[in-house]
Each structure stands twice: as C-alpha cells, then as structure tokens.
Amino acid sequence: MIRRAILKAVAVPGYQVPFGSREMPLPPGWGTGGLQVTASILGRDDRLKVIDQGADDTTNAVSIRDFFAKVADVTTTERTAEATIIQTRHRIPERALTEDQIIVFQVPQPEPLRRFIPEETVARKIHAFARYGIMYVRLYEDISQLGQVAMSSDYPVIVNGRYLASPSPIPKFDNPKLHRSRALAIFGAGRERRIHAIPPFTDVKSLDFADYPFTVQRFEACCSLCGAQDSYLDEILLDDRGRRAFVCSDTAYCAERRGERTEA
Amino acid sequence: MITSIKGGEAAIAASHRLLAKRRRGNPAVADIGVNQIREQLSLAVDRVMSEGSLYDPALAALAIKQAEGDLTEAIYLLRAFRTTLARFGYAEPIDTAAMVVRRRIATTHKDVPGGQLLGPTYDYTHRILDVALLGEAGSDDLSDLVDGGDGTNEGDSSDPAPDAVALALTRDCGVLARADLVEEPRSDGEEKVADITRDPVVFPSRRDERLQALARGDEGFLMGLCYSSMRGYGRNHPFVAELRYGDAAVVLTIPELDIPVGIGTLRVTECQTVHLTTGDGSLPPRYTRGYGLVFGHGERKALSMAIVDRSLRSAELGERVAYPAQDDEFVLSHSDSVAASGLVQHLKLPHYVDFQAEMQMLDQMRAEHAARREKPSSETIPELDRTPEVDCAD
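- Within an unreviewed UniProt entry, the label attached to chain B reads Carbon-phosphorus lyase complex subunit PhnI, and the organism entered is Bradyrhizobium commune.

Some details on the packing of aromatic side chains
All names here are of chain A.
- Counted under the stated rule, the structure contains eleven aromatic pairs over all chains.
- Note on Tyr15 and Tyr163: the rings are 5.4 Å apart at their centroids and 55 degrees apart in plane angle, and the pair reads as tilted. Taken as a pair, Tyr15 in the loop between α1 (2-11) and β1 (17-18) and Tyr163 in strand β7 (residues 163-165) lie far apart in primary sequence, 148 residues in all.
- On the accessibility criterion, Tyr163 (13% relative accessible area) is buried.
- The ring of Tyr163 carries the charged tip of Arg162 above its face, separated from the ring centre by 4.1 Å.

Description of helix α1 (residues 9-24) of chain B
- Between the first and last C-alpha of α1 of chain B there are 23 Å, a value that for 16 residues agrees with the 22 Å anticipated at 1.5 Å per step.
- Once α1 of chain B finishes, Gly25 of chain B follows within two positions and takes phi at roughly 65 degrees, a positive value.

Brief notes about the sheet that holds β7 of chain A
Residue and element names in this part refer to chain A.
- Read from one edge to the other, the open sheet built from three strands follows the order β7-β6-β10, with strand pairing classed as antiparallel. Two strands close off the open sheet at either side, each with one partner strand: β7 and β10 (204-206). Here the average twist between neighbouring strands, direction ignored, is 30 degrees.

Here we look at the sheet that holds strand β1 (residues 100-105) of chain B
Residues and elements named next belong to chain B.
- Spatial ordering of the open sheet is given by β1-β2-β3-β4, a layout of four strands whose pairing is antiparallel. A single partner strand is all that each edge strand has here, and the edge strands are β1 and β4 (286-295). In this sheet, adjacent strand axes meet at a mean angle of 25 degrees when their direction is disregarded.
- Sheet topology places strand β2 (residues 238-254) next to strand β3 (residues 259-277); 16 bridges connect them, and they run antiparallel. Counterpart to Gly246 in the pairing with β3 is Val268.

Cut-off values and rules
- Residues numbered from 1 in each chain as written.
- Chains lettered and ligands numbered in written order.
- Predicted model: local features only at pLDDT ≥ 70, side-chain atom pairs only at ≥ 80, totals over all residues.
- Heavy atoms only, no water.
- Phe/Tyr/Trp six-rings, centres within 6.5 Å; stacked < 30°, edge-to-face > 60°.
- Helix = DSSP H or I, 4+ residues; strand = E, 2+ residues; numbered from the N terminus.
- Buried < 20%, exposed > 50% of the residue type's maximum accessible area, 1.4 Å probe, protein only.
- Lys NZ or Arg CZ within 6 Å of the ring centre and 35° of its normal.
- Expected span 1.5 Å × (residues − 1).
- Pairing = 2+ DSSP bridges.
- Axes fitted to C-alpha atoms, helices over the stretch in contact; angles between N-to-C directions.

The structure is reproduced here in structure tokens:
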C-alpha cells in the first residue's frame, strides 16, 4: 500500500498522495511518515543513515536508527557517502547526493497552503486548478510589510512546473539542493497521511518574483570546529550574556572535513 | 408494564453496591493499594493533582482508586474535597530558577547554558508492548537510581533525590535571555493575583485568570485546541525555549512570625514557548512568549497550556482573532473537565417534563405544517415583490 503510494507520488511529482498511515512505535509527529517510507523501501543490502537537524547523534536520530537496526537488522552508517537511504528531519546533507541514494523526509505538514487555508477541501481545489495566486499574494504582503518573505524554512516550491509543494521544514538554505537532485526524494507525512515525492533530475523552483529573487540564508560566521563557510550552521549559546559560537549542523560533513573517521 | 426512572432509596443503594463490587473486581485478585497507585501510576496521580488543583499525591491516588481509574471523576473528587479546606494564606510565587531539575530541555539550540538533561521520558522509547511487565517486576537493577534512599518514587518530594541534578539555571536561560529578540516577561508586580476558585472569570479575561483556568483545564481539550492552532486554525508556530521538570520550594510568609518560611517542595513541570510574531508594525518583529505550569510531571499538558496561552494573547498582540484557540471566552468556558462532564452527563437525569412540553409543541407545529401543505402552494408562498400579509383577525 505504501509502495503503491510512493510509485504514484514519483509518477506525479509534488502531488500529495493520501495513504493509510499506521500507528508506529513512535508518536505521530516524530517521524512516523519517514519511518513508514523507510521501512517500505529498505532492503537487505541497504545502508541506512538517520539524521535529525542534520546531526547523526541527536536523540531522535539515534532512536530511529536503533529501531531499524533492531527490527530490520539493517546496516547503519553516519557517513553520507556510504548511505543508500538517508532518513532526515529538517536538513539535506551538505555533501551532494548521488543517483544511488534515496532521501526520506519526515514531514510534519505536507500542505504548503495550510499556512493560511486551514480547510483541506479548499486547498485540494486550489491544487487541482494550480491557482497558486494566494501564495504569491502572501509573499508580496510579507515583502511589502516586512521587507522580506517571513518564511525561513519549509519555503514553498513548485515541483516540475506543476504542483506547489512543501519541502518539509528544511531551512530555505537547503531548497536549491532539491533542484535537479540526483537522488530520489520521498516525503512521508504520517500524522497527516500523505506521501509526496521529487524524482531525480526534476526541476524544483522556490517561489519568488522576477524583481525579488529567492535567496538563501548567509552566515557571517564560519564553523568553529572545521572552519566551513559553505555549510548551514547551528548556534551554540555559551552563556546567558549572549556569547555564541557556530558549528556545522551536518555533523557528518563537519567530521569529514576534520578528517575524522566516524563509525560505520 | 409501567417502568419508571424514579429512583427509590433501595435502587440507589443497590446501584452503589454494584458499583462497589465492580470497583473491587475479582476478589481473587489482590486489592490495589493507594500506595501502589501513588508509586506506580504516578503520572495519573500528577494529572489528577494538577487539574484538581490540589497538591496531595496520597489523596489523588485515593481518588483514582475510588473512581476506578476514571481521571475526570478523580479530579472531581479531589476538587470537591479541596473546596472544604480552609485557606490560610498564599505562598510566594515559586522560584522555578531554584528548582532541583530532574529533566530540562530547550529545543531552540543544540546546546544551551546549563545544558540539556534528558531525565525520565518516554520520548525515545519505542512503543512496543513490553511483555516482561506481565510478570511482577522489571528485571533491571535500578538500585543505583533509588530516590531518597527509602525507595519512595515520584510521590514523595520531601527530599532532593540523588539522581536529580541541581543545576544552576536562571529563570530565563538560553534564547529567553535574549532581551533583544524575546519580549520581556511580565514583572511579578504588586497587583493581587486573581483566584478563580473564589471569583468568577469575567470576559475579556486577564492573563492571570487565563493561566489558572488553563492549569485546571482538561488536558485533552487543551491539547486539541493547541493542535488546531498549530495545524492552521490560528497559525501559531511555537518553539520550546525551556521545559523543566523538578522540585521547587514553597515559601509562605506566616503572619504571626512575619518571616518567609519554607514549608515544603512541589514537583512541577514548567514550559516556556516562544512564537515568532511580526505584529502590527507598532513593535519590531520579535518572539513572544507562552507559559505553562502544572503539578507533577505533565509535559503534554504544560506544553499545550503554553501554546494555548500564547494563542489567547492574539488580541493583545494585534492578531486577528478568528479561530477557537484564540478566543478566551470559547477556551475558558469550555476547558474545565468537571464542568463539561457535569453538563454532558446531566443528560442522564430525567427530562420528562421538558420533553413532554417540547413534544406537545412539536405535535402542534406538525399539524400546522400539514395544514399548510394541503393548501395549493401558490397561496402559501408569498410573492417576492409583495409585502407579506399580516392578518391578525384570523
């Protein structure tokens, strides 16, 4: 059932396919969509990497990785290049993905229109007619009132020139990585019971205006561990007086740059 | 045969005996002790204390036993007892900065001053039934974690436990300390804090009244409202800036002595959320706060409370109030499980007098409806361009 939903999602890029989400050994909202997608595509020869906020060592990532190691007896890895399946929450790894990889997103809210249209029935009609003017109005209002679009993550995209889609709450920094990505991206929203996908080499355009182009976050700092200037950074609060430091959110990328061999 | 729902004394007495029999269950199975409930169903005890507004683990456990585990009923039992107690004073606001922290997370940053402390949580357990618990006790040796040395668990907060970590936290840690980004907390002020158990809430409500009502509010209802506001019915995107669970001292100034005296500790869960607020242009865009505090370990409730608290500040912050979770009257009037349960369940009381009255009216209306239908329709439907005739003489 989930595999059929995935096939349909791949066949209609960006379209949200309803599926009968099941109760998982995690609470809905903690990655049950990703868990179900991963479980349905995982094979004997796969190597699974699980990240949360970019990191392999955060509690939820550790918990999900342990779960698959236990119930599926699958090989796990922290190294992006070695993984065949990467389940992620909130980040796309810094290292470019390949055509041999699948990235599975845990999605809290697959409906990009939910921000201002709470009713599912209305949102479905808008998708059917591809009348996304309301989203552009939202962007316009933000720019005119606040000087910029007040969406820093889960920044809406148009997939394959047709469907408006939510890239899940990745920072918009990661949006360009979706454009013509070599890896298949599957988005599983367990609580909301939807799966959508972006097949490899598909056009993904972040919404913008000709005279107000889409831009990503830029950091003044670099990683205080590896010195990277091109990665997304986590702020570390050093004290309550405002002293801060920044480190790579992608722990595997940071470790690799520092020449560390992480455990396979 | 004529049956009646009149309850004679005998019927009520028999009903109570049946209830007692069911409460006891199979007599071959050992009777459950109040201490067992207090120690082993401590999260249920915490919820009953919290929504029952009375910090007494033993009485809350008793209420749970008496109510056969029906928590709403247990909350009612506890509140009914509470209202008989003399009010001999008001404690100082508890200082949660001085809390002996058992669990503490802040999800806005990977690392925060004071550190993250996972503590006891189901969050990272895999929800797979543990058949080992079918047996008597778990086989893990937990003696290195024994609280207080006397084997008592969450119910007894008299002694800071060795497994708790006394962290030097400030009230506003992490991102909350960023006064440039996050709105200032309200000052304690000298104004007398409302007591909604004595004075009714009037609308529009004040925040102290709202926080009290939310603390007593039904967890499920508040969570549902909080969920609705997160899913889109009142766009509300929170971050957990601080979630603490631990023991806080209660200090009371005793009039006869006129000095503040520590009279015990409360185990509480405190939650502070921050919400991106662009506002109406009068203030710079910033994070605004939501606040939740409950007795015992109740993270789901404390979080829901904080998010609904922020949601109810919509009007104050210049947001359009369009959805239930933003409407103080809607939320506060319907969040109390004892009140809600009472009205819903009163439907089981006899209603034959008012039902009879309604049925008579219905018969009359049906007769008039039938009479209208018998006449040709052209005469009964008034023309749009004609003022309806009013014929009082008929």
